[in-house]
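Okay, here's what each chain looks like letter by letter:
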Amino acid sequence: MEHAGLVAPNAVNVDLEVVEVTRQNENHGEVEEVKKIKGGWKTAYILLANQALATLAFFGVGVNLVLFLTRVLRQDSADAANAVSMWTGTVYLFSLVGAFLSDSYWGRYLTCTIFQLFFVLGLGLLSMTSWLFLIKPEGCGGEHSTCMEPSSWGVRLFYLSIYMVAFGYGGHQPTLATFGADQFDNKTIKNNHSREAFFSYFYFALNVGSLFSNTVLVYYEDSGMWTMGFGVSLASAVIALISFLAGHRRYRYVQACGNPIIRVIQVFVATVRKWKVRPANGSQLYEVDGVESAIKGSRKIKYTNEFRFMDKAATITKEGSEPESQWRLCTVTQVEEAKCVLRMMPVWLCTIIYSVVFTQMASLFVEQGDVMNNEIGKFHLPAATMSVFDIFSVLICTGLYRSVLVPLAGKLSGNPKGLSELQRMGVGLIIGMLAMFAAGVTELERLRRVTPGDKSSSLSIFCQIPQYVLVGASEVFMYVGQLEFFNGQAPDGIKSFGSSLCMASISFGNYFSSIMVKLVMVITARDGEPGWIPNNLNIGHMDRFFFLIAVLTALDLVLYVFCARWYKGFEVDETENIESQEDNEMVNRV
């Protein structure tokens, strides 16, 4: 079959839903034109599978990383927890890099491809490094086997490889989320509902992918089979990349809109230059004529009267001939884009403390479980395996939310979405606070059942189930709500940036957690005291650290409620009623 009319991925117009293709009529030898659908759930499923496979690969490294650092690289507990927090924070910080390149220059498809290549290369280097330099003697790194002192070259290559993994996965994930939402155009109510559902399924796929890593892979790694575990992660990442590339002809592509950072800076520069100018009324501000905005691929945004001082940037002065430079005169849409960023920032800042809660699962929860009774008969249960209860909680709560809570809350509130994104995020903060309280209570009970001289407490590791389940439930409300909120509230030109704010929240939460651990140890480890989180957790008070996070989350909740009540979204300046676009869905299929 010969295809005609296919355009380069990053040059396709934002409203493109179908492409013209030609085929030879087998009966009459005539060439006829047909229409082939692009985007929709068929391509979304490919991207969801890609997310599941990539997440399997990522958590194959991340879920047991704290134990690798303590057992193979011989780091102390607090140092290992900080190293994991810093690494995880860097993973999601790179999401901002991916979002910037995606929105500005490369487009979603090319950005996902390049970052996945780095992801694969990083996993390959990690597998080779652990095999050749670190796992000496072979099979070491289990609970009862000690590895030789690692070589300096081996440690350097190890950190290079895991930060390549961080770069690849971090830049890929938020761009993939936005690319998946792009598969549904926003001109029909049905597609708008599909876009919202996609984010729930995206987080569902993430947890399905991590399920294998948190059960099978974590067991083999805990037994000292680190190289095999990293190899499985590499294979999963390769399959994810191949499947992603295989669907390139069916994807719906959105055009890159130029550098959003420059556009936002231009607004502030123009505002400062006109600081003494009185802002004009909304109807008198500068905007280009026609349906399209001056930002390529972005729709016009209606004027809002918040942050009135920024209207100076779009105010036409009385100088007669205003320079065309955007550093002096910006359109209403460009100014509103900058306003959207400012409006989202307070809400985003309030989500960082929740990410401190979330990051404990990969660090202190694992260390806590490692010194509990984790024997089931003759079977040794790896501490990191407990995160499977978080995964099951996410999977179950996602299904219950969409099938039970949304219809019920919709009837009670009159909102067809059930709870708004901001309300869901508030519920996530409350449940996250309860999770930290449960972790503190578990640690208190663990310390009460410690026998002097023993490494582990007699308290069963299954007492950690409540804290994992509560974190999982809070994720459904917080992170799915974040994905929908920041993507939906971001204008066309910064969609990937909006999705990346969710990942950046996790990043800064990890950094803040690392700072908290260091400060707590500096303050509490004085006058011969071991501190709250010493290398030997049985003489520490990690429970107090968990309670401290719970208190900070409660204070953050109060601030969040204020910011959520203050927040007001933007409106796109549509020239056509959304309902009139329903007929566009009726196209012929090949």
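Residues numbered from 1 in each chain as written. Predicted model: local features only at pLDDT ≥ 70, side-chain atom pairs only at ≥ 80, totals over all residues. Heavy atoms only, no water.

Here we look at the packing of aromatic side chains
Right, on to step 1. Taken as a whole and judged by the stated rule, the model has 39 aromatic pairs.
Right, on to step 2. Relative to Tyr-169, the ring of Phe-119 lies with its centre 5.7 Å away and its plane at 45°, an arrangement referred to as tilted. With Phe-119 in helix α3 (residues 77-134) and Tyr-169 in helix α4 (residues 152-182), the pair connects residues that are 50 residues apart, well separated along the chain. Here Phe-119 and Tyr-169 have matching classes, each one buried.
Right, on to step 3. Taken together through their ring pairs, the aromatic side chains of Phe-58, Phe-59, Trp-87, Phe-119 and Tyr-169 make up a single cluster.
Right, on to step 4. Its guanidinium or amino end placed over the ring of Trp-153, Arg-156 lies 5.6 Å from that ring's centre, counting from NZ or CZ.
Right, on to step 5. The positively charged end of Lys-312 is found above the aromatic ring belonging to Trp-275, 5.6 Å away from the centroid. (Phe/Tyr/Trp six-rings, centres within 6.5 Å; stacked < 30°, edge-to-face > 60°. Helix = DSSP H or I, 4+ residues; strand = E, 2+ residues; numbered from the N terminus. Buried < 20%, exposed > 50% of the residue type's maximum accessible area, 1.4 Å probe, protein only. Lys NZ or Arg CZ within 6 Å of the ring centre and 35° of its normal.)

Observations regarding unusual backbone geometry
Right, on to step 1. That bond from Lys-136 to Pro-137 is cis: its omega, -5°, falls within 30 degrees of zero.
Right, on to step 2. The phi dihedral of Phe-307 falls on the positive side, at around 50°, and the residue is not glycine.
Right, on to step 3. Locating Phe-307 in the fold gives a position in the loop between α7 (260-273) and α8 (332-350).
Right, on to step 4. Overall, Phe-307 belongs to the partly exposed group, its relative accessible area being 24%.

Some words on the environment of Phe-199
Right, on to step 1. Topologically, Phe-199 is positioned in helix α5 (residues 189-222).
Right, on to step 2. Along the primary structure Phe-199 and Glu-484 are separated by 285 residues, whereas in three dimensions their C-alpha atoms are 6.5 Å apart.

Some thoughts on α3
Think of an α-helix as turning once every 3.6 residues; residues three or four places apart then point the same way.
Right, on to step 1. The terminal C-alpha atoms of α3 lie 19 Å apart, and with 58 residues this falls more than 12% below the ideal 86 Å at 1.5 Å per residue.
Right, on to step 2. Along α3, the largest kink reaches about 120° and is centred on Trp-106. (Expected span 1.5 Å × (residues − 1). Bend = angle between axes of the 7 residues up to and from the residue.)

As for empty space enclosed by the protein
Right, on to step 1. In total, this model carries four cavities of 30 Å³ or more according to the counting rule given.
Right, on to step 2. Considered as a void within the structure, the largest cavity measures approximately 420 Å³ in volume.
Right, on to step 3. Considering the residues around the largest cavity, the lining is formed by 30 residues, among which Phe-59, Tyr-92, Phe-358, Met-361 and Glu-475 are closest to the centre.
Right, on to step 4. Within the residue set of the lining of the largest cavity, elements represented by two or more residues are α1 (41-62), α3, α5, α9 (352-359), α11 (387-413), α13 (465-488) and α14 (495-524).
Right, on to step 5. At five residues, α5 tops the list of elements feeding residues into the lining of the largest cavity.
Right, on to step 6. Of the residues belonging to the lining of the largest cavity, the class tally is 19 nonpolar, nine polar and two charged. (1 Å grid on protein atoms, 1.4 Å probe; cavity = no way out; pocket = protein on both sides within 12 Å on 5 of 7 lines; lining within 4 Å. Points joined across faces, edges and corners; volume = space filled by probe spheres on them. Nonpolar A, V, L, I, M, F, W, Y, C, P; charged D, E, K, R; others polar.)

Points about the nonpolar core
Right, on to step 1. In this structure, Phe-58, Phe-68, Trp-87, Phe-119, Phe-158 and Phe-545 are the most contacted members of the largest nonpolar core, which totals 126 residues.
Right, on to step 2. Looking at which element gives the most residues to this core, the answer is α3, with 15 residues.
Right, on to step 3. In contact with Phe-119, not counting residues within four places along its chain, are Ala-54, Ala-57, Phe-58, Met-164, Val-165, Gly-168, Tyr-169 and Ala-237.
Right, on to step 4. If you look at the next biggest cluster of nonpolar residues, it comprises twelve residues, including Val-264, Ala-270, Ala-280 and Met-310. (Core = buried A, V, L, I, M, F, W, Y, C linked by side-chain atoms within 4.5 Å. Contact = heavy atoms within 4.5 Å.)

Topic: a nonpolar patch on the surface
Right, on to step 1. A contiguous nonpolar surface patch, about 730 Å² in accessible area, is contributed by Phe-212, Val-216, Tyr-219, Tyr-220, Met-225, Met-228, Ile-376, Phe-379 and Phe-462.
Right, on to step 2. Relative to the assigned elements, Met-225 resides in the loop between α5 and α6 (226-246).
Right, on to step 3. Under the relative-accessibility criterion, Met-225 is labelled partly exposed at 41%. (Patch = residues over 30% accessible without salt bridge, like charges linked within 9 Å, V, L, I, M, F, W, Y side chains within 5 Å. Areas by Shrake-Rupley, 256 points an atom, 1.4 Å probe, with all protein chains shown as cover. Salt bridge = Lys/Arg side-chain N within 4 Å of Asp/Glu carboxyl O.)

Thoughts on the confidence of the model for the protein
Right, on to step 1. Averaged over every residue, the pLDDT of the protein is 81; the share at 70 or more is 87%.
Right, on to step 2. In the model, residues 1-35 has pLDDT below 50 throughout and makes 70 contacts with residues more than four positions away in sequence or in other chains.
Right, on to step 3. Here residues 576-590 is a poorly scored stretch, pLDDT under 50, and it has 26 contacts once near neighbours within four places are set aside; other chains count. (pLDDT = per-residue confidence, 0-100.)

Remarks on α9
Right, on to step 1. Within α9, eight of the eight residues are buried, which leaves the element mostly enclosed by the surrounding structure.
Right, on to step 2. Residues of α9 that are buried include every one of Ile-352, Ile-353, Tyr-354, Ser-355, Val-356, Val-357, Phe-358 and Thr-359, and no others.

Observations regarding the side chain of Gln-116
Right, on to step 1. Structurally, the position occupied by Gln-116 is in helix α3.
Right, on to step 2. Those residues in contact with Gln-116 that sit more than four places away from it in its chain are Asn-50, His-172, Ala-240, Leu-241 and Phe-244.

Thoughts on the packing of α1 against α4
Right, on to step 1. Orientation of α1 relative to α4, taken along the N-to-C sense of each, is 160°, at an axis distance of 11 Å. One way to sum up the angle between α1 and α4 is to call them roughly antiparallel. Taken as a pair, α1 and α4 cross one another with a handedness that is left-handed. Where α1 abuts α4, its residues Leu-47, Asn-50, Gln-51, Ala-54, Thr-55 and Phe-58 lie against Val-165, Tyr-169, His-172, Gln-173, Leu-176, Phe-179 and Gly-180. (Axes fitted to C-alpha atoms, helices over the stretch in contact; angles between N-to-C directions. Parallel < 35°, antiparallel > 145°, perpendicular 65-115°, else oblique. Left-handed = near helix turned anticlockwise from the far one by under 90°.)

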